Amino acid sequence: EPEVTQTPSHQVTQMGQEVILRCVPISNHLYFYWYRQILGQKVEFLVSFYNNEISEKSEIFDDQFSVERPDGSNFTLKIRSTKLEDSAMYFCASRNVWGAIGELFFGEGSRLTVL
Amino acid sequence: GENVEQHPSTLSVQEGDSAVIKCTYSDSASNYFPWYKQELGKGPQLIIDIRSNVGEKKDQRIAVTLNKTAKHFSLHITETQPEDSAVYFCAASTNRDDKIIFGKGTRLHILP
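Here's what I pulled together on the structure shown here. Source: prediction; values computed, not measured. (Residues numbered from 1 in each chain as written. Chains lettered and ligands numbered in written order. Predicted model: local features only at pLDDT ≥ 70, side-chain atom pairs only at ≥ 80, totals over all residues. Heavy atoms only, no water.)

Description of the interface of chain B and chain A
Right, so step 1: Counting residues at the interface gives 22 residues for chain B, matched by 21 residues for chain A.
Right, so step 2: Counting each side, the surface lost to burial between chain B and chain A is near 1,800 Å², with a carbon and sulfur contribution of 54%.
Right, so step 3: Three residues, B:Asp98, B:Lys99 and B:Phe102, lead the burial of chain B against chain A; their summed loss comes to 33% of the area buried on that side.
Right, so step 4: Taken together, chain B and chain A are joined by four salt bridges.
Right, so step 5: A:Glu108 is paired through a salt bridge with B:Lys42; the nearest N and O atoms lie 3.4 Å apart.
Right, so step 6: Joining chain B to chain A, the criterion identifies nine residue pairs in polar contact (both at pLDDT 80 or more).
Right, so step 7: Elements with a minimum of two residues in the side of chain B that touches chain A: strand 4 (32-38) and strand 5 (45-51) of chain B.
Right, so step 8: For the side of chain B that touches chain A, the element with the most residues is strand 4 of chain B, which contributes four residues.
Right, so step 9: By residue class, the composition of the side of chain B that touches chain A is eight nonpolar, seven polar and seven charged. (Contact = heavy atoms within 4.5 Å. Buried area = accessible area lost by both parts, 1.4 Å probe. Salt bridge = Lys/Arg side-chain N within 4 Å of Asp/Glu carboxyl O. Polar contact = N/O pair within 3.5 Å; in protein donor to acceptor, adjacent residues only side chain to side chain. Helix = DSSP H or I, 4+ residues; strand = E, 2+ residues; numbered from the N terminus. Nonpolar A, V, L, I, M, F, W, Y, C, P; charged D, E, K, R; others polar.)

Brief notes about the sheet that holds strand 8 (residues 75-79) of chain A
Residues and elements named next belong to chain A.
Right, so step 1: Taken together, four strands build an open sheet; the order of strands is 1-3-8-7 and the sheet is antiparallel. Strand pairing shows two members of the sheet lacking a second neighbour, strand 1 (5-7) and strand 7 (65-68), which therefore form its edges. Put simply, the sheet's adjacent strands are angled 20° from each other on average, direction ignored.
Right, so step 2: Note: strand 1 against strand 3 (residues 19-24), three bridges, orientation antiparallel. Within the sheet, the bridge partner assigned to Thr7 lies in strand 3 and is Arg22. (Pairing = 2+ DSSP bridges. Axes fitted to C-alpha atoms, helices over the stretch in contact; angles between N-to-C directions.)

Notes on the sheet that holds strand 7 (residues 62-67) of chain B
All names here are of chain B.
Right, so step 1: The strand order across the open sheet formed by five strands is 1-3-8-7-6, and the pairing between neighbours is antiparallel. Strands with a single pairing partner mark the edges of an open sheet, and in this sheet they are strand 1 (4-7) and strand 6 (56-59). Direction aside, the axes of adjacent strands within the sheet are offset by 15° on average.
Right, so step 2: Bridge analysis of strand 7 against strand 8 (residues 72-77) gives six bridges, and the strand direction is antiparallel. What sits directly across from Ile62, in strand 8, is Ile77.

Here it is, written out as structure tokens:
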């Protein structure tokens, strides 16, 4: 069964450092998303991406965050200068053209720890 | 914007009994309501969904109900099994925004 894959599974970084989280969405999917989950809390929307541009972003997704689809398979989330409060599990998700907006396929997540 | 409330935050049921998780939403434009199951160390996985043009949907031991007037929707799991232990999230979305809003989650424990 096709799946969304994410790397790294866990990254530890110093405050102020740049971090890039990588995702390979399901191959025939065209809509891509990043969500995050602070430990024990709910899953929060960060950004949606379609046709090589951001279609929606939340208040959390400020100028420190960016997304990119550098080639035909990868979808990345960059945090330019990490803060302690960026520590969370980051989930990539994708959906196909025919799926409802909420029919998302999530990866297993990348845990980011900022020290 | 949309706000989704979910109750209870924790639920323990005996194996074989039923579990019910309830959610409310605020945006009357919401028309699609997925439920996700998150097992330890994994990403959320869609288990069932319901659209606003139906009131109930069932898939084996899982059923969802929707009351559009009251803006309530619920997940019902019957004949619970140990593998049902997980965190369950309700969510809501509209056709207007390309995102889903999650509830805070319910940690379901199935007791032997």
